[in-house]
Amino acid sequence: MAIARFGRQAKRPHGLCVKMTAVAILGLCFIFVWSMFSSTSSSVVSQRETFDDIAEPVSTNTRPSNSGTQSNKKQVENHESSKEGKKVKVESDLDRRDEKKANGSVALVAEKHKSGKKDGKEVAKEKKENDGSKQSEAEDSQKDKEEQEEEEVIDGEEGLDIEGEDNGDKEGDSDLVESVDQESEEKLDDGSGESRKRGRKRKINGPLFDPKAHYTWKLCSTRSKHNYMPCIDMESGTAKLQSYRHTERSCPRTSLMCLVPLPHDGYGTPVRWPESKLKILHKNVAHPKLAAFVKKHSWLVESGEYLTFPQNQSEFKGGVLHYLESIEEMVPDIEWGKNIRVVLDIGCTDSSFSASLLDKEVLTLSLGLKDDLVDVAQVALERGLPAVVSPLGTRRLPFPSAVFDAIHCGGCGLSWHSNGGKLLLEMNWILRPSGYFILSTKHENIEEEEGWPLRVGGELLGSLILLFWGELMDPIFLCHINAYQSAVQFLLATSMTKLTASICWNILAHKTDDVSEVGVKIYQKPESNDIYKLRRNKNPPLCKENENPDAAWYVPIKTCLHTIPSSIEQHGTEWPEEWPKRLETYPDWLNDKEKLTADTNHWKAIVDKSYLTGFGIDWSNIRNVMDMKAIYGGFAAALSQQKLWVMSVVPVHAPDTLPFIFERGLVGIYHDWCESFGTYPRSYDLLHADHLFSRLKNRCKQPASIVVEMDRILRPGGWTIIRDKVEILDPLEGILRSLHWEIRMTYALDKEGIICAQKTLWRP
């Protein structure tokens, strides 16, 4: 009404003042809307054009322990904040607190057996504190690695690990131990290099899984229904929320003990690879907004019950192959499949990019940035392409530093220059020295894509003015509007240029392709620290020397530059060998190459003699594989000749071997299995767990929730291979049977055993 009134008044004499007033009001409204948009996009409300005056945040409880592991840095975010009396109660069944409603539904009923119940106050004597607390960080890390390797004993005939009674289990052999801190939950390394102070522990007799517990299951009652991701999706039982997604990873207070339902229209057998590159079942990836997404994009087409993916079709004109070739022409050193092997695709906006690179022997991990829009990471996984879901806001991504050969952002819609360029610093952190950052957009000006919110706001303001007053405006006003929009583009270009210059990225190419009409800009990270010393303004500052560059789990994004590795003992000092030679090439920074060779030979013997022939698995149906406790990537390397890919997961409490997995040309991620994994339900065809449960004995409050998580991420008809102690496998088999999984094979030798099971379509 107000706008219409202004329009009528503008036609009257002396309407010039009214015109100017209206333009001023619309400008103020735009500034207000833009400020609100910026404040909600991140915890940092001010938008910067440079890194000036950015102070390094105080990183308490965010540094890694000096044992060389990725430790959990959050302070009991998903558990109760205090423990009265600091005592640990043990019952013969599961903890009563785990019978609470998890996401709206009761999932577990543990029946007590009084005849076998022990005194809940029975505890062992307090354990002695670590005598080796004065050891150096390197010695501590080496000791953990040696203990980890002690349980990997090769048995070429049966492919079964034969372990001693200790099994390298630092927390105990067959006792369930929970940490009870007398000062805080656990004091980690304070960054000074000193050993962490361990809280006192009380030992309680009992197995990992209660063999007398009875499990009954119910479906999860959540807003996301069959697409539920516990640590990504936002659930509320009181009021309607505007957003379905957390801006940061945030897990429920209680462990997930309910089963995610199947899609509304049912679930069909996935299309086999390689046919799945061309089509998938639509109902398997059903999403409320997927239909609208399909209509607006040309690289996927709805055809009957399938979603089809035309060959060489992408968001860009000329096809994805022309797009990849044009990048190689711009920078000849980018040799897809040779010099470039491991790529991170930000946003996962077009899975044809990773599908086409796979034909060139490039392993592309798509990073789904979960929001309320359709996230095609689920589509990529259904096609058999590597993908993971993780918010990108104020915390680091769960990867080591300097491991990706190239990072690609093709119309991903991120404002790299916003909030002091924190997201750009994150890309610099995970990019390998001399690695490539490829930024492309359909717009002629590459900076328009980087600052799309401001650009769209400026265009909207100009359109509104022209819509209501275009016929009445003098040419001088139209010139002012055009000058404003040009100024917006100039500011975006200037800010992005300053940011990339401040971190010493070199612009190798900047070109708009005539065929695809795509603007591409390719940056390169420096290969040494010499250029950092030449910066006139030392912003962003260099990180402190005692900061671990590979600390990533629940660690905030740093506003400093980690120095580029220069010592031969550090990973990232040299570019890896060309693929496939890099798979079997061991870099100089590895201390013990003999253990690595033994690990590789160990898993090759097991895979060739047992897994591929003796378990009854049809490997032609296996495409997406996860190694839930990887060490050196030997399991993934043994399967490298198969038509599949492996996500190698390094638990955050284990020795940090993930940098070497990337060095071999494989992909992996950090994760804490006491929490839910960042992927959609029904994502993987096979899960492999080698002594995972025995290692998690003292970490997870509800160990059965790990089995529930395996049920969530495994496809119906998918397989799991679990290797562990017999005392763990016996009750674990009962849990799998309660989930109506089919036990295909069990084998035991001495104290070690194997379970091979297959998930069914059963839901309660």
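All values reported here derive from a predicted model rather than from experimental measurement. (Residues numbered from 1 in each chain as written. Predicted model: local features only at pLDDT ≥ 70, side-chain atom pairs only at ≥ 80, totals over all residues. Heavy atoms only, no water.)

### Focus on the pairing of strand E11 (residues 506–512)
Which entries qualify depends on this criterion: Criterion used throughout: strands pair if DSSP finds at least two bridges between them. Put simply, DSSP marks the helices as runs of H or I at least four residues long and the strands as runs of E at least two long, and each gets a number from the N terminus on.
Note: E11 against strand E12 (residues 519–524), six bridges, orientation antiparallel. The partner of asparagine 506 across the bridge, within E12, is glutamine 524. Counting the residues between successive antiparallel strands, the hairpin from E11 to E12 contains six residues, one of them, glutamate 517, with a positive phi of roughly 55°.

### What about the packing of aromatic side chains?
Put simply, the rule reads: Ring pairs shown here join Phe, Tyr and Trp side chains whose ring centres sit within 6.5 Å, with only the six-membered ring taken for Trp; geometry is labelled stacked below 30 degrees between planes, edge-to-face above 60, and tilted in between. Only protein chains enter the accessibility calculation, which uses a 1.4 Å probe. A residue is then buried if its area is under 20% of the maximum for its type, exposed if over 50%, and partly exposed in between. Working rule: Lys NZ or Arg CZ, within 6 Å of ring centre, within 35 degrees of ring normal, means a charge sits over the ring.
For the structure on display, the rule yields 21 aromatic pairs. Where tryptophan 603 meets phenylalanine 635, the ring centres are 6.0 Å apart and the plane angle is 80°; that geometry is what we call edge-to-face. Highlighted residues: tryptophan 603 in helix H12 (residues 593–611) and phenylalanine 635 in helix H13 (residues 634–638), separated in sequence by 32 residues. Here tryptophan 603 and phenylalanine 635 have matching classes, each one buried. Ring geometry for tryptophan 673 and phenylalanine 677: centres 5.8 Å apart, planes at 15°, overall stacked. Comparing tryptophan 673 with phenylalanine 677, the two get one shared label, buried. Put simply, the rings of Trp416, Phe437, Trp505 and Tyr523 touch in pairs and so form one group of aromatic residues. Between arginine 383 and the ring centre of phenylalanine 309, over which it is positioned, the NZ or CZ distance is 3.8 Å. Sitting over the ring of tryptophan 575, arginine 432 keeps its end group 5.8 Å from the ring centre.

### Details of the pattern of salt bridges
What counts here: What makes a salt bridge here is a side-chain nitrogen of Lys or Arg within 4 Å of a carboxyl oxygen of Asp or Glu, nothing more.
The full count for this structure, using the stated rule, is 17 salt bridges. Residue aspartate 588 is joined to lysine 593 by a salt bridge in which the shortest nitrogen-to-oxygen separation is 3.8 Å. Assessed through its relative accessible area of 48%, aspartate 588 is described here as partly exposed. Residues aspartate 672 and arginine 699 are paired through a salt bridge, measuring 3.3 Å at the closest nitrogen-oxygen approach. With aspartate 672 in the loop between strand E15 (667–671) and strand E16 (684–690) and arginine 699 in the loop between helix H15 (692–695) and helix H16 (704–713), the pair connects residues that are 27 residues apart, well separated along the chain. Its relative accessible area of 3% is what places aspartate 672 among the buried residues. The partly exposed category is assigned to arginine 699, whose relative accessible area is 33%. Connected via shared salt-bridge partners are Asp405, Arg432, Arg582 and Glu663.

### Quick word on the sheet that holds E11
The criterion, for reference: Axes, fitted as lines to C-alpha atoms, cover a helix only where it is in contact. Angles between the N-to-C directions of the axes lie from 0 to 180 degrees. Throughout, a residue-residue contact means that at least one pair of heavy atoms, one from each residue, lies within 4.5 Å.
Strands sit in the order E8-E7-E6-E9-E10-E12-E11 across an open sheet of seven strands; the sheet is mixed. At either margin of the open sheet sits one strand with a lone partner, and together these are strand E8 (387–389) and E11. Averaged over all pairs of adjacent strands, the angle between strand axes in this sheet comes to 20°, irrespective of strand direction. Bridge count between strand E9 (residues 404–410) and strand E10 (residues 431–441): six bridges; the pairing is parallel. Bridge pairing in E10 places glycine 410 opposite serine 440. The strands touched by helix H8 (residues 422–430) are strand E6 (342–346), E9 and E10; relative to E10, the strand with the most contacts, the crossing angle is about 135°.

### So, the sheet that holds strand E18 (residues 742–749)
With respect to topology, seven strands assemble into an open sheet ordered E15-E14-E13-E16-E17-E19-E18, the strand pairing being mixed. On the outer flanks of this sheet lie E15 and E18, each paired with one strand and no other. Direction aside, neighbouring strands of the sheet carry axes that sit 15° apart on average. Pairing of strand E13 (residues 624–627) with strand E14 (residues 645–651) involves four bridges; the strand directions are parallel. By the bridge assignment for E14, aspartate 627 is matched with serine 648. Where H16 meets the sheet, its contacts fall on E13, E16 and strand E17 (714–725), and the angle it forms with E17 comes to roughly 145°. Together, E17, E18 and strand E19 (752–758) form the strand contacts of helix H17 (residues 726–738), whose direction differs from that of E17 by roughly 160°.

### A short note on empty space enclosed by the protein
Any empty space left between atoms is shown by rolling a water-sized probe over those atoms. So the rule is basically this: Lining residues are those with an atom within 4 Å of a point, where the points come from a 1 Å grid over the protein atoms alone and group into cavities, where a 1.4 Å probe fits but cannot get out, or pockets, open sets with protein on both sides within 12 Å along at least five of seven lines. Grid points are joined across faces, edges and corners, and a volume is the space filled by probe spheres set on the points. Here the limits of each domain have been adopted from an automatic or database domain assignment. Note on residue classes: Ala, Val, Leu, Ile, Met, Phe, Trp, Tyr, Cys and Pro are nonpolar, Asp, Glu, Lys and Arg are charged, and everything else, Gly too, is polar.
Going through the model one piece at a time under the given rule, you end up with ten cavities of 30 Å³ or more. Reported here for the largest cavity is a volume of approximately 230 Å³. Along the wall of the largest cavity there are 19 residues; nearest its centre are Arg249, Ser390, Arg396, Pro398 and Trp553. For the lining of the largest cavity, the secondary structure elements donating two or more residues are E8 and E15. Residue contributions to the lining of the largest cavity peak at three residues, all from E15. Counting residues domain by domain, the lining of the largest cavity receives three or more from each of domain 1 (314–451 + 485–534) and domain 2 (580–759). By volume, the second largest cavity is sized at about 80 Å³. Sorting the residues of the lining of the second largest cavity by element identifies H12, H13 and E16 as the ones contributing at least two each. Grouping the amino acids of the lining of the second largest cavity by side-chain chemistry returns five nonpolar, three polar and five charged.

### Thoughts on the confidence of the model for the chain
In plain terms, the rule: pLDDT expresses how confident the predictor is about each individual residue, on a scale running from 0 to 100.
Here the chain shows a mean pLDDT of 75. Residues at 70 or above account for 64%. Contacts from residues 72–205, a stretch scored under 50 in pLDDT, to residues over four places away or in other chains number 267 contacts. Counting contacts from residues 237–243, a segment whose pLDDT is below 50, to residues more than four positions away or on other chains yields eight contacts.

### Brief notes about the state of the cysteines
To keep it simple, the criterion reads: We call a pair of cysteine sulfur atoms a disulfide when they lie within 2.5 Å.
The final tally for this structure, using the stated rule, is four disulfides. One disulfide bridge connects cysteine 543 with cysteine 560, the sulfur atoms lying 1.9 Å from each other. One disulfide, between cysteine 543 and cysteine 560, carries an S-S torsion of 95° and so falls in the right-handed class. Here cysteine 560 lies in the loop between E12 and H12 and cysteine 543 lies in the loop between E12 and H12, a separation of 17 residues in the sequence. Residue classification places cysteine 560 among the buried residues on the basis of a relative accessible area of 7%. In this model cysteine 674 forms its disulfide with cysteine 700; the gap between the sulfur atoms is 2.1 Å.

### Let's talk about the nonpolar core
To be explicit about the condition: We define a nonpolar core as any set of buried Ala, Val, Leu, Ile, Met, Phe, Trp, Tyr and Cys residues linked to one another through side-chain atoms lying within 4.5 Å.
Counting residues in each nonpolar core, the largest one holds 142 residues, and the members touching the most others are Ile346, Phe404, Trp416, Met427, Phe437 and Phe693. Two domains each provide a minimum of three residues to this core, namely domain 1 (314–451 + 485–534) and domain 2 (580–759). Counting residues in hydrophobic clusters, the runner-up holds 21 residues, among them Ala406, Tyr436, Ile438 and Ala509.

### Quick notes on H8
Counted residue by residue, H8 has nine buried out of nine residues, so it is predominantly covered. All buried positions along H8 are accounted for by Lys422, Leu423, Leu424, Leu425, Glu426, Met427, Asn428, Trp429 and Ile430.

### What to know about the environment of tryptophan 579
Heads up, the condition is: Definition of a polar contact: a pair of N or O atoms within 3.5 Å, with one able to donate and the other able to accept a hydrogen when the atoms are protein atoms, and with sequence-neighbouring residues admitted only if both atoms are side-chain atoms.
Turning to its location among the elements, tryptophan 579 is positioned in the loop between E12 and H12. Put simply, tryptophan 579 and arginine 341 are 238 residues apart on the chain and 6.7 Å apart in space, counted from C-alpha to C-alpha. Once residues within four sequence positions are removed from consideration, tryptophan 579 is found in contact with Gly337, Lys338, Arg341, Glu361, Arg664 and Gly665. Within polar-contact distance, the side chain of tryptophan 579 engages the side chain of glutamate 361 at 3.4 Å.

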